Amino acid sequence: MAMFAYAPVYIASAPYESTMGLVQKIFYFHVPSAMMMFVSAFVCGIASAIFLFKNRPGADRLATAAGELVVVFGALVLITGPLWARKSWGVWWQWDPRLTSSLVLFLMYVAYLLLRRYGGPGSDKLAAGMAIFSMFNVIFVYVSVNYWRTIHPP
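Residues numbered from 1 in each chain as written. Predicted model: local features only at pLDDT ≥ 70, side-chain atom pairs only at ≥ 80, totals over all residues. Heavy atoms only, no water.

K.L.:
Would you mind going over the overall build of the protein with me for this structure?
P.N.:
Per the secondary structure count, the protein includes five helices and zero strands. The order of helices and strands in the protein, counted from the N terminus, is α-α-α-α-α. Expressed as a percentage of its 154 residues, the buried residues of the protein come to 38%. (Helix = DSSP H or I, 4+ residues; strand = E, 2+ residues; numbered from the N terminus. Buried < 20%, exposed > 50% of the residue type's maximum accessible area, 1.4 Å probe, protein only.)

K.L.:
Sorry if this is basic, but what is going on with the nonpolar core here?
P.N.:
Judged by nonpolar contacts, the single largest core of 23 residues is most densely connected at Phe 38, Cys 44, Leu 105, Tyr 109 and Tyr 112. Of all the secondary structure elements, the ones that give two or more residues to this core are α2 (27-54), α3 (57-89), α4 (97-118) and α5 (123-147). With residues near it in sequence (within four places) discarded, Tyr 109 still touches Ala 41, Cys 44, Gly 67, Val 70, Val 71, Ala 131, Ser 134 and Met 135. (Core = buried A, V, L, I, M, F, W, Y, C linked by side-chain atoms within 4.5 Å. Contact = heavy atoms within 4.5 Å.)

K.L.:
I would appreciate a short explanation of α5 in the present structure.
P.N.:
The first and last C-alpha atoms of α5 sit 35 Å apart over 25 residues, in line with the 36 Å expected at 1.5 Å per residue. Those residues of α5 that fall on the buried side of the exposure criterion are Ser 123, Ala 127, Ala 128, Ala 131, Ile 132, Ser 134, Met 135, Asn 137, Val 138, Val 141, Ser 144 and Val 145. The secondary structure elements touched by the buried residues of α5 are α2 and α4. (Expected span 1.5 Å × (residues − 1).)

K.L.:
Sorry if this is basic, but what is going on with a nonpolar patch on the surface here?
P.N.:
Residues Phe 42, Ile 46, Ile 50, Phe 136 and Ile 139 make up a contiguous nonpolar surface patch of about 440 Å² in total accessible area. Where the nonpolar patch is concerned, the elements lending two or more residues are α2 and α5. With three residues, α2 is the single largest residue contributor to the nonpolar patch. For Phe 136, the location among the structural elements is in helix α5. (Patch = residues over 30% accessible without salt bridge, like charges linked within 9 Å, V, L, I, M, F, W, Y side chains within 5 Å. Areas by Shrake-Rupley, 256 points an atom, 1.4 Å probe, with all protein chains shown as cover. Salt bridge = Lys/Arg side-chain N within 4 Å of Asp/Glu carboxyl O.)

K.L.:
Just checking my understanding: could you explain α2 for this structure?
P.N.:
One turn of an α-helix holds 3.6 residues; hence residues three or four places apart share an orientation. Helix length check: α2, at 28 residues, gives a terminal C-alpha distance of 40 Å against a target of 40 Å (1.5 Å per residue), a fit within 8%. Remark: Asn 55 follows α2 within two positions and exhibits a positive phi of approximately 55 degrees.

K.L.:
It is not clear to me how the pattern of salt bridges should be interpreted in this structure. Could you clarify?
P.N.:
Should their charged atoms come close, side chains of opposite charge can pair. On inspection of all chains with the given rule, the structure shows one salt bridge. Close ionic contact of Arg 116 with Asp 60 constitutes a salt bridge, the shortest N to O distance being 2.7 Å. Of the two residues, Arg 116 sits in helix α4 while Asp 60 sits in helix α3, which places them 56 residues apart along the sequence. For Arg 116, a relative accessible area of 23% gives the class partly exposed. On the accessibility criterion, Asp 60 (12% relative accessible area) is buried.

K.L.:
Looking at this structure, I do not really get the packing of aromatic side chains. What am I missing?
P.N.:
Aromatic ring pairs: the centre-centre distance and the angle between the two ring planes describe each pair. Under the counting rule described, the total for this entry stands at two aromatic pairs. Measuring from centroid to centroid gives 5.5 Å for Trp 93 and Trp 95, while their planes differ by 70 degrees, and the two rings are edge-to-face. Judged by relative accessible area, which is 64%, Trp 95 ranks as exposed. Centre to centre, the rings of Tyr 109 and Tyr 112 are 6.1 Å apart; their planes meet at 65 degrees, and the pair counts as edge-to-face. Note that Tyr 109 and Tyr 112 are positioned in helix α4 at a spacing of three residues, about one turn of the helix. Side by side, Tyr 109 and Tyr 112 carry an identical accessibility label, which is buried. Taking the ring centre of Phe 51 as reference, the NZ or CZ of Lys 125 above it sits at 4.8 Å. (Phe/Tyr/Trp six-rings, centres within 6.5 Å; stacked < 30°, edge-to-face > 60°. Lys NZ or Arg CZ within 6 Å of the ring centre and 35° of its normal.)

So, in structure tokens, the structure goes:
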């Protein structure tokens with residue numbers, strides 16, 4: 001808890017990068033948010049599989065909470081990434097495979113939450129299947145830099 005409370009002090013006292021300046025500090029939020037988005041997507045997919053195949057309501061609640069975290073951290077990634085990209089690449093958005101697949105992952109989990117909320121009877125099982133399918137997009141986002149020549153750092 002003390003490290004979490006002291007984190008803003010560490011970030012404020014970190015030196016500026018020589019070419020990027022203050023904008024480089026966005027990475028202190030961007031990269032951990034991306035990691036949390038990926039972990040939350042895996043938790044949502046695995047908990048959805050447990051709910052779908054073993055019919056455990058606790059797993060369904062865990063999957064829903066993890067899906068909400070994917071959307072929150074995905075929004076942070078999609079906000080902080082273009083702020084850094086503008087300074088680094090000179091554009092706000094580049095239709096790079098990693099960027100585009102991250103946007104698709106975010107939209108899949110927004111659709112998952114909308115299906116959970118407004119889908120009607122049986123939407124919990126359909127949403128669980130969608131979460132399992134969406135979980136595999138995390139792997140695609142992660143390895144996309146290695147398969148295509150992109151401007152995004154590996």
